[in-house]
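# Structural overview for review
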Amino acid sequence: MVDKSKRCILIKSLFVLSIPSLVKSAPFIGQSLKNNKSSEEFVYVYKSWVSFFSEEPIDYLKSRGVTGNISFASIKDLSVKDFRCGNTLDINGFVLSKIEVSLIASIGAQYFNN
């Protein structure tokens, strides 16, 4: 059985962390969190993204209409659509929608590029 409460917490936290980097209004986000131990995990997801796809995660998010003005409900809807279409990736045993992975990878790109 899938624990949906953990997925909800994950997506909400990613949403909060990734939106500033999407609009580039807070370039300090990568620096302020640089010493965070989870940075290695974000970078791992970013490197996985790059190995699967030819475009940067931020470009994919923009192509899906994900900007600083998007709501959590819209992100959730995009994720559900990805699952329905089989547009998923397995990252270390976690099956995530492509939109979820791109959000995580966009945070990883901030760490990787700083």
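Look up a bit, the structure's there.
Residues numbered from 1 in each chain as written. Predicted model: local features only at pLDDT ≥ 70, side-chain atom pairs only at ≥ 80, totals over all residues. Heavy atoms only, no water.

All right, on to the packing of helix α5 (residues 72-85) against helix α6 (residues 98-112) then. Helix packing for two helices is described by the angle between their axes and how far apart those axes are. At a minimum axis separation of 7 Å, α5 and α6 run at an interaxial angle of 125°. By the angle between their directions, the pair α5 and α6 is classed as oblique. Where α5 abuts α6, its residues I75, L78, S79, D82 and F83 lie against K98, I99, E100 and L103. Residues of the contact of α5 with α6, tallied by class, amount to five nonpolar, one polar and three charged. (Axes fitted to C-alpha atoms, helices over the stretch in contact; angles between N-to-C directions. Helix = DSSP H or I, 4+ residues; strand = E, 2+ residues; numbered from the N terminus. Parallel < 35°, antiparallel > 145°, perpendicular 65-115°, else oblique. Contact = heavy atoms within 4.5 Å. Nonpolar A, V, L, I, M, F, W, Y, C, P; charged D, E, K, R; others polar.)

This brings us to the packing of aromatic side chains. According to the stated counting rule, one finds five aromatic pairs in the structure shown. Here the aromatic rings of F42 and Y111 are separated by 5.6 Å at their centres, their planes lie at 25°, and the arrangement is stacked. Placement of F42 in helix α3 (residues 39-52) and of Y111 in helix α6 is noted, with a sequence separation of 69 residues between them. Judged by relative accessible area, Y111 falls into the buried class, the value being 8%. Centroid distance F52 to F53: 6.2 Å. Interplanar angle 45°. Geometry classified as tilted. Each residue in the set W49, F52, F53 and Y60 is aromatic and connected to the rest through ring pairs, giving one cluster. (Phe/Tyr/Trp six-rings, centres within 6.5 Å; stacked < 30°, edge-to-face > 60°. Buried < 20%, exposed > 50% of the residue type's maximum accessible area, 1.4 Å probe, protein only.)

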